[in-house]
Amino acid sequence: MGDFNLALVIVAIVVCVLVFIFNIYLLINYQHPDDVNQAYFPKFVVVLGLSIAAISILMLPADVANRQACRHAIYNGACKLTLPMKDLWLAVYIADAILVFFVIPFAMFYYEGDQDKSVGKRIKSALWWVITTAIVCALVLGILYGLVGKVDFTVRHLSSGTASFPSSWDFSSGQPCVGNGVRQCSAYSASPSSETTWSMRATFPEYVVALATIVGSVLFTIFGGVGIACLPLGLIFSFIRRPKAVITRSQYIKEATELGKKAREMKKAADALHQEERSGSKGRKWRKNVKAVEKELLLLEDDVKALEEMYPQGEKAEAAWAMTVLGYLAKFVLGILGLIVSVAWVAHIIIYLLIRPPLSAFLNEVFIKLDDVWGLLGTAAFAFFCFYLLLAVIAGAMMLGLRLVFITIHPMKWGATLMNSFLFNVGLILLCSISVIQFCATAFAYYAQATAAQEIFGHTLQSLRGIKYLYKYNVFQIAFIVLAGLTFVYYLAFGWRRKKPSGRFQLSS
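Please read all numbers here as calculations on a predicted model, not as lab measurements.

Draft legend 1. Inspection of the packing of helix α8 (residues 317–354) against helix α14 (residues 475–494) at higher detail. As a packed pair, α8 and α14 sit with axes 11 Å apart at the nearest point and diverge in direction by 150°. Put simply, α8 runs roughly antiparallel to α14. You can see that α8 and α14 cross each other, and the crossing is left-handed. Each of V346, I349, I350, L353 and L354 in α8 lies in contact with α14, whose residues at this interface are Q477, I478, F480 and I481. Across the contact of α8 with α14, the residue classes break down as 8 nonpolar, 1 polar and no charged.

Dropping the structure here:
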């Protein structure tokens, strides 16, 4: 037992270090050239946020492994656990909430501040917005915690008579209690009147985590439901829409000329918006136009990339075309694998969560059998399914951002991602990571039973006054499945078409 505990601690430390190094690698390779050797505070926030999000996802498998240290104990308190998981959960998610609601907004306000202003004025402006947000959040949290910050557990009142210790036991379905009293001691035969509600005050950290989970659950349901379908289907239909052959030089010149015209039109529109910003007329119409131009610019960049793929140039043109073909084949293979995972997720939600009683434990049994094959195989598969949901959230946010004007798009591109886009996506990942953990703790309750995550996200959260009905009636799971189904139908109907800008900036046919 001691060797197992030591191994768990070593693995936890090594994984945390590897996560931190990997996130630094992502930052260096995804950052925009304009942010090189500057914007150090936003970069620190990005690395910290990504690390906390990744560690929080990995903590659920660690929680399961931590509980397995006591699998031979008669009851949970019969042995000392390796890691204080409940305290770690609360610490990670309080840090998560602070980053999402205070630190990341401050970094974004500071980074996006008017570059003509001094550093002091930009810090002052960012602090003003963050302090205002903090006051509003503190008031809302305090009022809600004071009024409805309680958990209501449904319990049965059972009792029994007493008797001298007998030489033999005469229990039966007709006589389940000790003694001949009329009191009830069997939950199966107890009358409905024995059911009552036991209320108690939730701890403030647990309540903060619960409310953050609700906010994250709304975003996770929308973006995750759309993303669970569009993530694999987007890769598959990207292969279907791939360039089939290299175009001629005359076609390339024609398309490049059209793209040049679009670029000049967009520059003119961007200059006009910049003039409006400097004059102080930043109303709703201005913000709407800015978002429209940003989306048109993103689609224009995609057009340029597509044109470069269709007409590779230079000494290594043939090698570049071969890599393009292999890249689309890789997308197709990954799309097929992703589709299998998405179908497994949707089937598991329906079979295990929506149907009562569950038809099967499904993925829970798969993870348990993988653990029997090799100790960490089931844990690794468990972590992969949780991470896949986070990838689905990002994919869903990208898809809706391209099609809905009121959603700001923040694309992540290799070597071309600005810090504000980094910060936005890190905030979205952090906010949704809480809900992903809660969702996985519920979906894999059989595999993750008796863990600290189950105690926080299974019992306390689902019994909170005013919130429990969202989980009692599976509101989030049903909405998740509905959005996934609608997205699947959308891709079957329109996914084969090439994406086109919504405005006048269109690639000539």
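Draft legend 2. The arrangement of the pattern of salt bridges in detail. Counted by the stated rule, this structure contains 1 salt bridge. Close ionic contact of K267 with D271 constitutes a salt bridge, the shortest N to O distance being 3.2 Å. Of this pair, K267 and D271 are both found in helix α6 (residues 249–279), 4 residues apart, which corresponds to roughly one turn of the helix. The class for D271 is partly exposed, based on a relative accessible area of 39%.

Draft legend 3. Quick peek at the side chain of S433. With respect to the element layout, S433 can be found in helix α11 (residues 419–443). Once residues lying within four places of it in the same chain are set aside, the contact partners of S433 are S56, I57, Y93, D96 and L390.

Draft legend 4. Here's a closer look at a nonpolar patch on the surface. A cluster of nonpolar side chains, namely V9, I13, V17, F20, I21, I24 and I28, defines an oily patch on the protein surface of about 600 Å² accessible area. Tracing the backbone through its elements, the reader meets I21 in helix α1 (residues 2–30).

Draft legend 5. Structural context of the nonpolar core. In this structure, W345, L389 and F444 are the most contacted members of the largest nonpolar core, which totals 78 residues. Taken together, the elements giving at least two residues each to this core come down to α2 (40–68), α3 (85–111), α5 (204–240), α8, α9 (363–373), α10 (377–403), α11 and α14. Here this core takes 15 residues from α11, the largest share from any one element. If near-sequence neighbours (up to four positions away) are discounted, W345 is found in contact with I228, F385, Y388, L389, F439, C440, A443 and F444. Counting residues in each nonpolar core, the second largest holds 11 residues, with Y145, V151, A202 and Y471 among its members.

Draft legend 6. View of the packing of aromatic side chains. All chains considered together, the criterion is met by 20 aromatic pairs. Ring geometry for W345 and F444: centres 5.2 Å apart, planes at 40°, overall tilted. Residue W345 is located in helix α8, and its partner F444 is located in the loop between α11 and α12 (452–460); the two are separated by 99 residues in the primary sequence. The ring of Y145 carries the charged tip of R201 above its face, separated from the ring centre by 5.2 Å. Positioned above the aromatic ring of F239, the side-chain terminus of R242 is 4.1 Å from the ring centre.

Rules used throughout
- Residues numbered from 1 in each chain as written.
- Predicted model: local features only at pLDDT ≥ 70, side-chain atom pairs only at ≥ 80, totals over all residues.
- Heavy atoms only, no water.
- Axes fitted to C-alpha atoms, helices over the stretch in contact; angles between N-to-C directions.
- Helix = DSSP H or I, 4+ residues; strand = E, 2+ residues; numbered from the N terminus.
- Parallel < 35°, antiparallel > 145°, perpendicular 65-115°, else oblique.
- Left-handed = near helix turned anticlockwise from the far one by under 90°.
- Contact = heavy atoms within 4.5 Å.
- Nonpolar A, V, L, I, M, F, W, Y, C, P; charged D, E, K, R; others polar.
- Salt bridge = Lys/Arg side-chain N within 4 Å of Asp/Glu carboxyl O.
- Buried < 20%, exposed > 50% of the residue type's maximum accessible area, 1.4 Å probe, protein only.
- Patch = residues over 30% accessible without salt bridge, like charges linked within 9 Å, V, L, I, M, F, W, Y side chains within 5 Å.
- Areas by Shrake-Rupley, 256 points an atom, 1.4 Å probe, with all protein chains shown as cover.
- Core = buried A, V, L, I, M, F, W, Y, C linked by side-chain atoms within 4.5 Å.
- Phe/Tyr/Trp six-rings, centres within 6.5 Å; stacked < 30°, edge-to-face > 60°.
- Lys NZ or Arg CZ within 6 Å of the ring centre and 35° of its normal.

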